[in-house]
Amino acid sequence: MEALYHQTNKQVHEVQSYMGRLETSDKQSVHLVENEIQARIDNIFSNLERLEILSSKEPPNKRQNAKLRVDQLKYDVQHLQTALRNFQHRRYIREQQERQREELLARTFTTNDSDTTIPIDETLQFNESLQNAHRGMDDLIGSGTNILQGLRDQRVTLKGTHKKILDVANMLGLSNTVMRLIEKRAFQDKYFMIGGMILTCVIMFLVVQYLT
């Protein structure tokens, strides 16, 4: 398990470095970079599935710590997946605005054609709506990033507290029933955190739908 864990952790750091190339890539190569990052993320998720199986086979005294390490890797790669999708959404909005601008500039009008209409106001209004949606999405991404960082900090704190509780429990020789209750609470806390992340994404989606 250790070899696969360190390999996966290295891949996570490599994806983090690749994310920095997105902002500097030109229009022709940005899709290739996105595909490369997505392929690496998919590979990490595949490794995490194997790590979850291996962590469940660890000795009882090492199992909890192994699961926590795997959960931390899973959280990191989920954060990278969200960042990639946010970048792709911003790129799509930007490219759509550029296409609208080019279409407007490419139109030819004749002063003698009585049937010709120039929907300037409609086009400008649509462009303004796109810009507002873009700004709103940036604000939501910023808020979502802050929320995710806060959840991550809370998780680190809870992980440290949980480890101390387990150490104290081992020292005091608590019964297996109490130990199972502690593990059950940690399992529930994990799903509360995942539920909060899903709720945040749903709210962000609904706001974007409203703005557009």
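The name an unreviewed UniProt entry gives the chain is Golgi SNAP receptor complex member 2, with Anser brachyrhynchus as the organism.

Novice: What's the story with the packing of aromatic side chains in this structure? I'm lost.
Specialist: Two descriptors summarise a pair of aromatic rings, namely the distance from one centre to the other and the angle between the planes of the rings. As enumerated under the stated definition, the model contains zero aromatic pairs in all. The residue whose ring lies beneath Arg 69 is Tyr 5, and the NZ or CZ to ring-centre distance is 4.0 Å.

Novice: Which parts of the structure should I look at to understand the packing of helix 2 (residues 30-56) against helix 3 (residues 60-106)?
Specialist: A pair of packed helices is characterised by two quantities: the angle between their axes and the separation of those axes. Where helix 2 contacts helix 3, the axes come no closer than 10 Å and their chain directions differ by 160°. Overall, the two elements helix 2 and helix 3 adopt an arrangement that is roughly antiparallel. As helix 2 packs across helix 3, the resulting crossing turns out to be left-handed.

Novice: In this structure, what is going on with the side chain of Asn 47? I would like to understand it.
Specialist: Note on placement: Asn 47 falls in helix 2. Residue Asn 47 is classed as buried on the basis of its relative accessible area of 4%. With residues up to four places along the chain from it excluded, the contact list for Asn 47 reads Leu 4, Gln 7, Thr 8 and Gln 11.

Novice: In this structure, what is going on with a nonpolar patch on the surface? I would like to understand it.
Specialist: There is a patch of nonpolar side chains on the surface, built from Ile 198, Val 202, Phe 205 and Leu 206 and spanning about 390 Å² of accessible area. With respect to the element layout, Val 202 can be found in helix 5 (residues 176-211).

Novice: What am I meant to see in the nonpolar core here?
Specialist: Among soluble globular proteins, nonpolar side chains are generally buried collectively. Core analysis: the largest hydrophobic core is formed by 20 residues, its most contacted members being Val 15, Met 19, Leu 22, Ile 37, Ile 41, Leu 48 and Leu 51. Mapped onto this core, the elements with two or more residues apiece are helix 1 (2-22), helix 2 and helix 3. Excluding residues within four positions of it along the chain, Leu 22 makes contact with Val 30, Val 33, Glu 34, Ile 37, Leu 84 and Phe 87.

Novice: In this structure, what is going on with the side chain of Gln 11? I would like to understand it.
Specialist: Its place among the elements puts Gln 11 in helix 1. Residue contacts for Gln 11: discarding those within four places in its chain leaves Asn 43, Ile 44 and Asn 47.

Novice: What is the right way to look at the environment of Val 30 in this model?
Specialist: Looking at the secondary structure, you find Val 30 in helix 2. Residue Val 30 is classed as buried on the basis of its relative accessible area, which comes to 4%. Linking Val 30 and Gln 88, residues 58 residues apart in sequence, is a C-alpha distance of 9.8 Å. Setting aside anything within four residues of it in sequence, one finds Val 30 in contact with Leu 22, Ser 25, Phe 87 and Arg 91.

Criteria and thresholds
Residues numbered from 1 in each chain as written. Predicted model: local features only at pLDDT ≥ 70, side-chain atom pairs only at ≥ 80, totals over all residues. Heavy atoms only, no water. Phe/Tyr/Trp six-rings, centres within 6.5 Å; stacked < 30°, edge-to-face > 60°. Lys NZ or Arg CZ within 6 Å of the ring centre and 35° of its normal. Axes fitted to C-alpha atoms, helices over the stretch in contact; angles between N-to-C directions. Helix = DSSP H or I, 4+ residues; strand = E, 2+ residues; numbered from the N terminus. Parallel < 35°, antiparallel > 145°, perpendicular 65-115°, else oblique. Left-handed = near helix turned anticlockwise from the far one by under 90°. Buried < 20%, exposed > 50% of the residue type's maximum accessible area, 1.4 Å probe, protein only. Contact = heavy atoms within 4.5 Å. Patch = residues over 30% accessible without salt bridge, like charges linked within 9 Å, V, L, I, M, F, W, Y side chains within 5 Å. Areas by Shrake-Rupley, 256 points an atom, 1.4 Å probe, with all protein chains shown as cover. Salt bridge = Lys/Arg side-chain N within 4 Å of Asp/Glu carboxyl O. Core = buried A, V, L, I, M, F, W, Y, C linked by side-chain atoms within 4.5 Å.

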